[in-house]
Amino acid sequence: MMAEGSRLYFAVTVLMCAFVSINGVGLNDLLERASQLSDKLHSLSTSLTNDLDSHFPPVGRVMMPRPSMCHTSSLQIPNDKDQALKVPEDELLSLARSLLLAWSDPLALLSSEASSLAHPERNTIDSKTKELQDNINSLGAGLEHVVHKMGSSSDNLSSLPFYSNSLGQDKTSRLVNFHFLLSCFRRDSHKIDSFLKVLRCRAAKKRPEMC
């Protein structure tokens, strides 16, 4: 049976390839591909979180920063689907792209640190973290094509800087901060996925209650 990580990798690779040579592809199809990739991205981050939780020290949960400490927490976004349905399409796309861009540096840090974590699943964590980094870049490139289809008004992005270049000095702090950043990303990946699904639904002219 194909391992979970391999299945995710295969599915995401297929979706990444779908963004190649997409000249002439309509907006509906672009949003369908983007929402499928964002769904896989969220699934991969959830799988990574489960890997970390399998051997996470109890003290780590005490040390874990609050969600409000995530570097993207200042971004004003819809709290649920009903609110998202009221946001203009170009603004919703800009929110999704702003969140994606905000994770470029943090994911690079996680990718560089994963292989040396004090965790028995670090090889798996390292592999999946690199997949996350590759896949978020692919989704970002795909959304550039969506912007082109929707018009330049979708290009108003929010700046969400990430200032840290280290996860800490001791092994417990590094593991805790890795887990914290990943939990922030998992939360944001769910938001991105939700926004793109709303955009896909609107592009298909579905009724709000069907979204």
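Please refer to the structure higher up on the page.
The rules behind these values
- Residues numbered from 1 in each chain as written.
- Predicted model: local features only at pLDDT ≥ 70, side-chain atom pairs only at ≥ 80, totals over all residues.
- Heavy atoms only, no water.
- Phe/Tyr/Trp six-rings, centres within 6.5 Å; stacked < 30°, edge-to-face > 60°.
- Helix = DSSP H or I, 4+ residues; strand = E, 2+ residues; numbered from the N terminus.
- Buried < 20%, exposed > 50% of the residue type's maximum accessible area, 1.4 Å probe, protein only.
- Disulfide = S-S within 2.5 Å.

As a further point, take the packing of aromatic side chains. A complete count under the given rule lists 1 aromatic pair for this structure. Their ring planes at 80 degrees and their centres at 5.3 Å tell us that Trp103 and Phe185 sit as a pair that is edge-to-face. Placement of the pair is Trp103 in the loop between helix 5 (89–102) and helix 6 (104–113) and Phe185 in helix 8 (residues 171–203), with a sequence separation of 82 residues. Just as Trp103 is buried, Phe185 falls in that class too.

Residue Lys205 is not a glycine yet carries a positive backbone phi of 60 degrees. Counting through the fold element by element, Lys205 comes out in the segment after helix 8. Looking at Lys205, the relative accessible area reads 74%, which means it is exposed.

We now examine the state of the cysteines. All told, the structure shown has 1 disulfide when counted by the stated rule. The disulfide bridge from Cys70 ends at Cys184, spanning 1.9 Å between sulfur atoms. Taking the torsion about the sulfur-sulfur bond, which here is approximately -80 degrees, the covalent link between Cys70 and Cys184 counts as left-handed. Placement of Cys70 in the loop between helix 3 (58–63) and helix 4 (81–84) and of Cys184 in helix 8 is noted, with a sequence separation of 114 residues between them. Comparing Cys70 with Cys184 shows no difference in burial state: the two are buried.

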